[in-house]
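Observations on chain architecture
Chain residues, written in single-letter form:
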Amino acid sequence: MRSKTNSAKIEGEPRARTFSRDANGSSFPRIGRPVELLRHSYDVVVIGSGYGGGVAASRMARGGQSVCLLERGKERWPGEFPTSFKDAATQIHVTGDENASDERSVPIDRGNPTGLYHLMIGEGQNAFVGNGLGGTSLLNANVFLRADKGTMEKDEWPEELTQEGALDPYYDRAEKMLEPETYPENLPEPLKLKLLREQTDLVRKYGRKEGWDPKFYRVPQTTKFADGRNSTGIEMKASTLTGQDSTGINDGSKTTTLVTYLADAWNWGAEIFCECEVRLIKKHPKEGYLVFFAWHGSRRDAFKEEMLHDLMWVHAKKFVFLGAGTLGTTEIMLRSKERGLPLSDRVGQDMSGNGDLLAFGYNTNAEVNAMGHEDPNPDNPVGPTITGVIDCREQENPLDGFVIEEGAVPRALTHLLQPLLLSLPGKIFPPSLTAVEKQQQKLAAWKSTLLGPYHAQGSLARTQVYLIMSHDANQARMTLKHNKPALEFLGVGRQKHLEKLNDLMSKMTNSSGGTFIQNPFYADFNQQEITVHPVGGMSMSVDGTPEEGATTQFGEVLTGKGKEIYEGLIVVDGALVPTALGVNPFATITALAERSVAAAARKKGITIDYDTVNGPIDPYGNPTYVPSPDHFDDLAAIKKAEAEIDEARAAGKAGTIFTEVMKGYIHIGDEIDDFEVAFDQARSETADAHFYLSVHAWDTNELVSRADHQAMLTGTFSNGMEGSPFMVSRGDFHLFNEDHHAPDQTNLTYDFDMIGTNDEVIHFNGIKVVNPTVAFSISRTWQATSSLYVTLSRPEDNHSIVGKGILHIGWHDFGRELSSFDALGHNFRLRLRTAASFLQYFTSQVATSFLAPLTSLQWPTLQYPGEDPYKKIPPSKTFSPQAIDGEVTLMKMWEPTGGLRDGEKVHDILFVPGAAVDHQIYALPTIKKNAIDYFTAAGYRCWSNTHRVGKTPLAHKHFTVYDARLDIAAALSTIRLAQEQQYGSAPEPIYVVAHCAGSIALSMGLLDGTIPASWLRGVTASNVFMFPRYTPLNKWKASLPVHLTDIYRRFTGSKWFDCTSKKSDAYTQHLLNQLLRFYPAGWNELCTSVACHRSELAFGRLWSHDRLNRATHDQLDRFLGGCSMTCLDHLVQMGLHGKVIDSDGCDLLDEDHLQKLQGLPIQLIYGTENAVFDPSCTLWDYERLRQKFGEQGYSREAFKGHGHLDCWMSETAAVKNGVFDVVRRKIDEGFDRFMSRSRKNSRRKTVGNSMTTVVNGNGIRRV
Ligand SMILES: Cc1cc2nc3c(=O)[nH]c(=O)nc-3n(C[C@H](O)[C@H](O)[C@H](O)COP(=O)(O)OP(=O)(O)OC[C@H]3O[C@@H](n4cnc5c(N)ncnc54)[C@H](O)[C@@H]3O)c2cc1C
């Protein structure tokens, strides 16, 4: 099933652009997709893109299948092929082992693994193949010759294929696509072709005794000699007759698989991915196969080890077609076998070099003009690399058959050729040269050396290239040594046969006065040949058994157990060919591939549409068809990514890439909440984990300037879990995003769903945290930027936790990460600018934290972006309680939002704030669930008053905390009145939650009787109650010989200290703000907020920064007021006394006062990091109360990691077992029952072990 796309109408003819002719040739088509767009499964995965791969991709796409093609090399179009030696040298990849049979020797792997030219050194023979989108068709000499009847009747072929004409329909199909044609008679005959033609008689004479019947003809070749569209719809150009085919031709005349089968596959919806080297295949646990590959893109080769071992994968549901060429396919299958895929023992055996011989007729009498040239003389063209053949295949014994073709040397090699040929040993000089002729030859050699390879009188211009294909013993084999391929050609040459052919070529050369020279490998390396036509390795079995071959006649891979096959695992390239063909092989490889793919389709009931002819194809545009959406479950994600990539590309945006490896330990299980603990636990379980991810920002500008913009992550995550390695595709990477949960904190986040080999989806969330705690510390900065806190969860199960842990970057890996960094853009300046802007952004972000105390101060903003994002319910009513001294304060009331606790009566809680704050600490608009939200939902009616030392204009009137008790009494009276009015009965006791100065004021009111204890159901005293004792720093401030309040009064002339400050304030306030940068807050608590610094001076640090979210911290001026010097002086005095005193300094804690608290349940809560009051001060209350009234009714609970105000203003207050839960449990207890009981028991004072509870974010730990 497929559908037509709305591809843009093609204007004019689409073209294969050519480098030399196209002034605008800087941009080339790309039919390959970025690997970031790879889906996790397809119906069909095709490996390699030569003839076999091309056929499979095109036919399967035409059969309506979703197709993914993975190709190791890069995509290059005419105009992008190297022409100079310097450029060509960067494209060489050398592998293999010249001592393959020696167990001790280790194969090499050098050069560029995605380079265009792959030379495999073997023992006895070397092989040269192409590597790129189009396979060896990009480099070959285009000769399209069918195998002869004698060869097809050889014993190695299965019977069906030995039938006369068995392959003809498939040759015809290949011809229809590849459109071979012979060198036109109306073009000037190339001199090398003329010479070969003339040599036919000599060959005939030479082989008369043997009964040879040599036939000379112009070869059918896949070269275009006229402009026009090819069979697929791609526009081609007429050959410029350059002889450059073997290094890749730039004139647009070559009918490669790129411009035929692959373009067709693309046009029918196949998705093509380059730089993906398939390493092995495994069976998928449910259906089909897992194809594991190393992705060479995104500079992943900076991590060589990881690249070949941390393999990415794709799932092939129905078919895997192996088209990686003889060498590639055999290597993949050998490795798959080694890694547990049972296969026939013939894998890697029965290989052949196709009897290839390469040799030179150097410095002949006549001009041959076989040196490739980008711009040859049209009257004396070089011609395509091969144009003619002397065909000697018709022999009694087909094994004696051979063909001789003329060749051309590509320009990139011409300058090396002369010194190379002169230096080679084993030359066969023409006999009986006269002295004059000898001098003429020397002169010609000098001319080539001095005047270059194209000088008509020079030796190179007179050098002929011979290419022979014949039959060898099919005795070569490939093995894996140290995970690398090694080739052994055993008895490759059928020595006698080889000697005869060499003798023939030397005769041909000498007869034209030239010197016969073997190929460089033969001469220099122990008589080694070189083949460009390796075949076999996964040969078809003559009888379908694994003893005779590795596959069936249709390329289906045998399991090794009888005739059993792996359904859908099919070899379609040269590896399938069971014997040398005695002629150029690609026509036969293509025909066999057509046959195998047709058979596979038939078997699965797939109908291939061979008939629909493409219209003109524009490889710059969109394909005509796409597979039906039913094939995919990731359409939306792919569409979004595609749109992002297309947009960046269309706008010519510059991107950035780098690759990262992080290693560590992840504990699997949900019982450990803390990352460090989970890491330690995982380490003890050796549950190591790592990822190997590439980051691609398609538009670097966007990444660094827009908070909502992310880069894409691609790669793998591996740990011991089932389904590992997990594939990561299109993951989100955010660079220094503001953390909304923590002030002054930016995070690097890694967030993605990843899919396991068992199809399970796991969500990965990783955060690197950078905040001012790193200030002035290189080691902390490194620690912060190199530690990733990881949470794994299961998206399908409501993100239930799968595991937690930490991954780190090692120094060595960091070095490699830096070397993988690259900026992408269409010119050097753009790339430079991009790299600079990325690095500048990165360093400036890190520097902001590193230099945090020195960076600009954060001032209050008038506009709060995203104000009230949580849509808080406003108070139901506002009251104005009047205290007995006549002062009026404000009190807000919120009706319950949840069901009432006893179904009828509403129970009241009064929340009393501290100094310089108001009801907002309980009704905070910047957190999702504040105390009021929580307790109203729990069925309570909540009240909160702002007493006279809170954030209120009254606070300027120089009241003390002691005075504020009157406001609490007034508030309680107001509530009691409301109760009476509502129920017409006596008021009920009220529960009071009081914080800091509010709690102190409450205790004072209770102690001096202003507030009768009987009005109260119970009290939660937050962080302090009757014993205000300061932390060491606050104590030191309080005990200074000159009080800070006096200094401030003198310095500013003001009796009011405002916790906030504006830019318009007096310079004295500004000076103070600047000095406060250096207030000793502790490294973990550095910030730049003016309001935070100022409140810290007045009271001590009011929170643990990591508990406040960014929105709260950014808007502190909204929640903080100020304090009069009178109030501060009173607080200082209390701190010095260590207990509550009234405004005149009189002690309120004598026994009589204390007695008033009898029977009042009191819960004391405190943050373990409280920096205002010493966390132990509530212990004094606790002990004193129990000492006086017995242990019942009192509890003390600690909140780990919390400071002072954050006990109420933090998002974690609402988590399970957080502050709200713990306070609510106390309120929920039936206190009135308890109160009557406790009064009865008041005289039976018991001393027992009571419990202190330490509460962290999520759970209570008893200590
Ligand atoms: C210089 C030269 C001239 C030639 N001239 C002729 C000629 O005139 N006529 C003729 O018939 N033959 C010629 N040949 C040979 C012919 O081109 C090959 O036999 C033919 O291309 C083989 O086709 P294939 O499908 O088996 O593999 P290939 O065309 O070699 O394609 C294999 C593809 O798989 C890719 N690959 C390899 N390993 C992997 C992997 N692990 N993962 C993913 N991809 C991988 C490779 O990069 C390559 O693109 C010539 C070869 C050369 C080198």
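Residues numbered from 1 in each chain as written. Predicted model: local features only at pLDDT ≥ 70, side-chain atom pairs only at ≥ 80, totals over all residues. Heavy atoms only, no water.

Right, let's get into the overall build of the chain. Each helix and strand in the chain was counted, giving 35 helices and 48 strands. In terms of overall size, the chain is more extended than a compact globule, its C-alpha atoms giving a radius of gyration of 42 Å where 1263 residues would be expected to give roughly 33 Å. Along the first, second and third principal axes, the C-alpha set of the chain runs to 135 × 65 × 60 Å. Counting over 1263 residues, the chain shows a buried share of 62%. Considering only contacts in the chain between residues 6 or more positions apart, those separated by 24 or more positions represent 75%. Working note: accessible area of the chain is about 49000 Å², and carbon and sulfur atoms make up 52% of it. One way to put it: in the chain the 133 positive side-chain charges average out to a point 4 Å from where the 154 negative ones average out. (Helix = DSSP H or I, 4+ residues; strand = E, 2+ residues; numbered from the N terminus. Rg over C-alpha atoms; globule rule 2.2 N^0.38 Å. Buried < 20%, exposed > 50% of the residue type's maximum accessible area, 1.4 Å probe, protein only. Contact = heavy atoms within 4.5 Å. Areas by Shrake-Rupley, 256 points an atom, 1.4 Å probe, with all protein chains shown as cover. Lys, Arg positive; Asp, Glu negative; His and termini not counted. Charge placed at Lys NZ, Arg CZ, Asp CG, Glu CD.)

Following the criterion strictly, the structure yields 61 salt bridges and no others. Here Glu-271 makes a salt bridge to Arg-39, at a shortest N to O gap of 2.9 Å. Of this pair, Glu-271 sits in strand S11 (residues 271-273) while Arg-39 sits in the loop between strand S1 (2-4) and strand S2 (41-47), and the two are 232 residues apart along the sequence. Like Arg-39, Glu-271 is buried. Measuring nitrogen to oxygen at the nearest pair gives 3.8 Å for the salt bridge that ties Glu-331 to Arg-279. Note that Glu-331 is positioned in helix H9 (residues 325-338) and Arg-279 in strand S12 (residues 276-283), a separation of 52 residues in sequence. (Salt bridge = Lys/Arg side-chain N within 4 Å of Asp/Glu carboxyl O.)

A separate point is the site of the ligand. The environment of the ligand is made up of 37 residues, and the closest members are Glu-71, Asn-131, Thr-136, Gly-574 and Phe-586. Contact distances for the ligand include 2.8 Å between a nitrogen atom and a backbone N or O atom of Ala-141. Relative to its unbound accessible surface of 990 Å², the ligand loses 95% to contact with the protein. If you list the elements that add at least two residues to the shell around the ligand, you get helix H1 (51-62), strand S7 (125-130), S12, H9 and helix H14 (586-603). For the shell around the ligand, the class distribution of residues is 15 nonpolar, 18 polar and four charged. (Near = heavy atom within 4 Å. Polar contact = N/O pair within 3.5 Å; in protein donor to acceptor, adjacent residues only side chain to side chain. Nonpolar A, V, L, I, M, F, W, Y, C, P; charged D, E, K, R; others polar.)

Taken in spatial order, the six strands line up as S8-S17-S18-S19-S16-S22 in an open sheet, and their pairing is antiparallel. One side of each edge strand has no neighbouring strand; the edge strands of this open sheet are strand S8 (215-218) and strand S22 (515-518). Strand-to-strand twist in this sheet, taken as the mean axis angle between neighbours without regard to direction, amounts to 25 degrees. Where strand S17 (residues 388-392) and strand S18 (residues 402-407) come together, four bridges link them in antiparallel fashion. Residue pairing in the sheet places Val-389 in a bridge with Glu-405 of S18. This element, helix H12 (residues 495-511), spans strand S16 (357-362), S17, S18, strand S19 (464-469) and S22 of the sheet and lies at about 145 degrees to S22. (Pairing = 2+ DSSP bridges. Axes fitted to C-alpha atoms, helices over the stretch in contact; angles between N-to-C directions.)

It is worth spelling out the packing of H1 against helix H7 (residues 258-267) at this point. Axis separation between H1 and H7 bottoms out at 8 Å; the angle between their running directions is 30 degrees. As far as their axial angle goes, H7 and H1 are roughly parallel. At the point where H1 passes H7, the crossing takes the left-handed sense. Contact with H1, carried on its side by Gly-54, Val-55, Ala-57, Ser-58, Arg-59, Ala-61 and Arg-62, involves Tyr-261, Leu-262, Asp-264 and Ala-265 of H7 and no other residues of that element. Among the residues making up the contact of H1 with H7, the classes are represented as six nonpolar, two polar and three charged. (Parallel < 35°, antiparallel > 145°, perpendicular 65-115°, else oblique. Left-handed = near helix turned anticlockwise from the far one by under 90°.)

We now examine the confidence of the model for the chain. Within the chain, residue pLDDT values average 89, and 93% of them lie at 70 or more. Between residues 6-25, whose pLDDT stays under 50, and residues either more than four places distant or in other chains, the model counts 37 contacts. Overall, residues 1242-1263 carries pLDDT values under 50, and its contacts beyond four positions in sequence, including any with other chains, amount to 55 contacts. (pLDDT = per-residue confidence, 0-100.)

The subject of this paragraph is the side chain of Ser-1095. Inspection of the secondary structure assignment puts Ser-1095 in helix H27 (residues 1090-1099). When its relative accessible area of 1% is taken as the criterion, Ser-1095 is described as buried. Reaching out from Ser-1095, the side chain makes a polar contact with the backbone oxygen of Cys-1092 at a distance of 3.0 Å. The residues touching Ser-1095, leaving out its near neighbours within four places in the chain, are Cys-1059, Gly-1100, Leu-1102, Trp-1103 and Leu-1120.

Here we come to the packing of aromatic side chains. If you walk through the whole model with that rule in mind, you get 35 aromatic pairs. Between Phe-658 and Phe-838, the ring centres sit 6.1 Å apart and the planes meet at 55 degrees, which makes this aromatic pair tilted. Here the residue Phe-658 occupies a position in strand S28 (residues 655-668), and Phe-838 occupies one in helix H20 (residues 828-850), the gap between them amounting to 180 residues. Under the relative-accessibility criterion, Phe-658 is labelled buried at 8%. Residue class for Phe-838 comes out buried when judged on its relative accessible area of 5%. Between Phe-717 and Phe-764, the aromatic rings sit 5.5 Å apart at their centres with planes inclined by 65 degrees, giving edge-to-face as the arrangement. (Phe/Tyr/Trp six-rings, centres within 6.5 Å; stacked < 30°, edge-to-face > 60°.)

Within the element layout of this structure, Asp-400 appears in the loop between S17 and S18. A relative accessible area of 28% places Asp-400 in the partly exposed class. Expressed as a C-alpha distance, the spacing of Asp-400 and Gly-130, which sit 270 residues apart in the sequence, is 28 Å.

Right, let's get into the pairing of strand S4 (residues 92-96). The buried fraction of S4 is high, at four of five residues. Sheet analysis places S4 next to strand S6 (residues 117-123), joined by five bridges and oriented parallel. Bridge pairing in S6 links Ile-92 to Tyr-117. Relative to strand S5 (residues 108-111), S4 runs antiparallel, the two sharing four bridges. Among the inter-strand pairings, Val-94 is bridged to a residue of S5, identified as Arg-110.

Right, let's get into helix H30 (residues 1125-1137). The end-to-end C-alpha distance of H30, which contains 13 residues, comes to 18 Å, matching closely the 18 Å that a straight helix rising 1.5 Å per residue would cover. Considered for burial, the residues of H30 that qualify are Met-1125, Cys-1127, Leu-1128, His-1130, Leu-1131, Val-1132, Met-1134 and Gly-1135. Backbone geometry just after H30 places Gly-1138 at a positive phi near 80 degrees. (Expected span 1.5 Å × (residues − 1).)

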